[in-house]
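Residue-level structural notes
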Amino acid sequence: MVPRVAGFLLTNDITALTLSVNIGRGCPQRKTLQQVRGRSAVSHRTQDEKEGAMTVPDTGQERPDQIGARLQRLRTERGLTQRALAGPGYTAAYVSTVESGKARPSDAALRYFAERLDVSYEELAAGVPAGLRTEIRDGLAEANQLTDAGRGAEAEALLHDLIGRAAEHDLPDLVAELRATLGSFLLRRGALVDGREQFEQAEALLVDRPLPARVRAIRGRATAHYLAGDVRYSCYLLETTISELNGGGLPDPASLMLLYAAVIGPYLELGALERATKAATLALDLASSVTDPLAIAALHRSVARTLAAGGRFAEAEASLIKAQEVYQQWEIRAELAQCHWMRGYLHAQHDRLADAETELRTAAEMLRAAGSTFFAVQVEVELADVRWRLGHVAEAAELLMPLLAGLGPGHGAVHAAAAHRLLGLIREHSENLDAAEGHYRTAIELQQEADVTGDLADTSRLLGDLLDRQGRTREAIAAYRNGLTQLTRPGTTTLGPTPLPPPIIPATAATDRDRRPQTSSTR
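Reading guide: rules and limits
Residues numbered from 1 in each chain as written. Predicted model: local features only at pLDDT ≥ 70, side-chain atom pairs only at ≥ 80, totals over all residues. Heavy atoms only, no water. Phe/Tyr/Trp six-rings, centres within 6.5 Å; stacked < 30°, edge-to-face > 60°. Buried < 20%, exposed > 50% of the residue type's maximum accessible area, 1.4 Å probe, protein only. Lys NZ or Arg CZ within 6 Å of the ring centre and 35° of its normal. Salt bridge = Lys/Arg side-chain N within 4 Å of Asp/Glu carboxyl O. Helix = DSSP H or I, 4+ residues; strand = E, 2+ residues; numbered from the N terminus. Core = buried A, V, L, I, M, F, W, Y, C linked by side-chain atoms within 4.5 Å. Contact = heavy atoms within 4.5 Å. Arc of directions from axis to C-beta. Axes fitted to C-alpha atoms, helices over the stretch in contact; angles between N-to-C directions. Parallel < 35°, antiparallel > 145°, perpendicular 65-115°, else oblique. Left-handed = near helix turned anticlockwise from the far one by under 90°. Nonpolar A, V, L, I, M, F, W, Y, C, P; charged D, E, K, R; others polar. Expected span 1.5 Å × (residues − 1). pLDDT = per-residue confidence, 0-100.

1. What about the packing of aromatic side chains?
Scanning the model with the defined rule gives 7 aromatic pairs in all. Seen from their ring centres, Tyr-90 and Tyr-94 are 5.0 Å apart, and the 20° between their planes marks the pair as stacked. By relative accessible area, Tyr-90 is classed as buried at 4%. In this structure an aromatic cluster arises from ring pairing among Tyr-90, Tyr-94, Tyr-112 and Phe-113. Against the face of Tyr-121 rests Arg-111, its NZ or CZ located 3.8 Å from the ring centre.

Right, dumping it as structure tokens:
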């Protein structure tokens, strides 16, 4: 049987990757020098005028001449003189100084002029048209709806248009958010390299922002590597980011929860159940500080997989129900399909094969309808395993063969290996030993590439048994040795140092937390 749901855990993150995550809005306020000229009474507006009239060093925002030109354009479009714009708070001379680009106006001055011009502060200060951010976010929501309805091409075209608009007005935070969403869409249909490039571009746009602003892009890169079969590097990216966040002293709970939920999948693929359980525990501890229901739902799906790996199937089912309730409420079909996928896996582990088949067929149909063909193929590999276990040997083989065209090295290597392993069993069952050997060897190559040592050892055992049946004792011993060597080589029994834990919680906060009911699934 297929040893584990290889693609399930980080496909959870495709959901979270399309969420609206706080990516570091705002910027530090600039301090300005107040000048006192010895006059007994100076108004607040006059102080702002004198602050703004100073030559203020550029802080990476728009240049004074850009702001001045925009102020002049908006003023003349409204038929206002400099004196009329200055009003009671400023002087015409000050307006002239700003418009000529000789000084950067203070925030207070910009807000004053924006109000008199009847435009937003952002439009005046940065040239962002009124309502543009709202329009782009509405477009982002529409793209999510389109892709969930299976209209992926339209969704991607819309995102490209939105990216162009946001880039035109120099809104790197929105461009990054849009590129991360586009990356998640590309992963769903199996364009792993293109998807990873989108996440890399999103991260590059936010390179000067605090780490929490880059978490979504980093996690997206990790997801792409995981789905391609580079499980260990995916784990490295996530662990490194977790350690950096925790080592900073002021970790962001939402970012940490998303990262801990994301790293569960690679841990389980690498056989690190203890670390996966610890990550699930830490993520659940952080959940009370996170308000996003979809992120919480994705967490429960990851926790369900961890519980199932530990044989705690009833608790896994309970966690899965929590996630499903949220997706039903929000009517997100692609994520409901993921719940059916996971439930099919749970049924298969309990040998409830008829129920498993029903759930997996439902998941595959829903995923294909939503345009998530890459994940649908992975589900169908597991469906073939269930059909094989039910005794439908020929049907299982017929189901698997066309799926291999969509899987392979760097493109779903773990599930490709599972497909070849199962085909090896089917060919061996029909006494086609040469074909069986070929499939086992292909599976081993893919498992070595993905570094999933537990699966590799199991397939090496199957190959060794097959060779031994044919009297090829030396080759059989070499196959057994290869599996054992992979299990015991440096770097497979340990992943190196664990990520830094969260900073110590103050005593009062720890006391409050200890009063909360403990979650049995994470202790």
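Right, picking up where we left off after that structure.
2. Comments concerning the pattern of salt bridges
Within this structure, the stated rule accounts for 33 salt bridges. A salt bridge links Arg-73 to Glu-77; the shortest N-O distance between them is 3.2 Å. Of this pair, Arg-73 and Glu-77 both sit in helix α3 (residues 64-77), 4 residues apart, which is roughly one turn of the helix. Note that Arg-368 and Glu-380 form a salt bridge whose closest N and O atoms lie 2.9 Å from each other. Here the residue Arg-368 occupies a position in helix α19 (residues 353-369), and Glu-380 occupies one in helix α20 (residues 373-389), the gap between them amounting to 12 residues. Glu-380 gets classed as buried once you look at its relative accessible area, which sits at 12%. Look at the salt bridges and you will find they share partners, linking Glu-357, Arg-361, Arg-387 and Glu-395 into a network.

3. Some remarks on the nonpolar core
Ranked by internal contacts, the top residues of the largest apolar core, which has 112 residues, are Met-257, Tyr-260, Leu-299, Tyr-327, Leu-346 and Leu-400. Broken down by element, this core gets its largest block of residues, 11 residues, from helix α14 (residues 253-269). Non-local contacts of Tyr-260, meaning those with residues more than four positions away in its chain, are made with Ile-242, Asn-246, Ala-279, Leu-282, Ala-283, Leu-286, Leu-500 and Pro-502. The next biggest cluster of nonpolar side chains, apart from the first, holds 20 residues, and it includes Val-128, Ile-136, Leu-159 and Ala-191.

4. Points about helix α5 (residues 92-99)
What α5 keeps buried is the set Ala-92, Tyr-94, Val-95, Val-98 and Glu-99. Taken end-on, α5 shows its buried residues confined to a sector of 160°, consistent with a single buried face. Just downstream of α5 lies Gly-101, where phi reads positive at about 80°.

5. Some remarks on unusual backbone geometry
Even without a glycine there, the phi angle at Asp-118 is positive, about 60°. When you line up the elements, Asp-118 lands in the loop between α6 (107-117) and α7 (121-126). The class of Asp-118 is exposed, set by a relative accessible area of 70%. Positive phi outside glycine occurs at Asp-170, with the angle close to 55°. Here Asp-170 shows up in the loop between α9 (152-168) and α10 (172-188).

6. Considerations on the packing of helix α11 (residues 192-205) against helix α12 (residues 211-228)
Between α11 and α12, the shortest axis-to-axis distance is 8 Å and the interhelical angle comes to 160°. Considered as vectors, α11 and α12 are oriented roughly antiparallel to each other. For the pair α11 and α12, the sense of crossing is left-handed. Where α11 abuts α12, its residues Leu-192, Arg-196, Phe-199, Glu-200, Ala-202 and Glu-203 lie against Arg-214, Arg-216, Ala-217, Ile-218, Gly-220, Arg-221, Ala-224, His-225, Leu-227 and Ala-228. When its residues are assigned to classes, the contact of α11 with α12 shows 8 nonpolar, 2 polar and 6 charged.

7. A closer look at helix α17 (residues 313-330)
If you check α17, its first and last C-alpha atoms are 26 Å apart, about what 18 residues at 1.5 Å a residue would give, namely 26 Å. Taken together, the buried positions of α17 are Phe-313, Ala-316, Ser-319, Leu-320, Ala-323, Gln-324, Val-326 and Tyr-327. Taken down its axis, α17 places every buried residue within 160° of arc, on the same side. Those residues of α17 that are exposed and aimed more than 90 degrees away from the buried face are Ala-314, Glu-325 and Gln-329. Phi for Glu-331, located one or two positions after α17, is positive at around 55°.

8. Quick notes on the confidence of the model for the protein
Chain-level statistics for the protein give a pLDDT mean of 84 and a share of 82% at 70 or above. Put simply, helix α26 (residues 507-515) is where the protein has its lowest mean pLDDT, 41, and α11 is where it has its highest, 97. Ignoring residues within four places in sequence, the model shows residues 46-60, a span with pLDDT below 50, making 37 contacts including any to other chains. Here residues 505-523 scores under 50 on pLDDT; set against residues more than four positions off or in separate chains, the count is 21 contacts.

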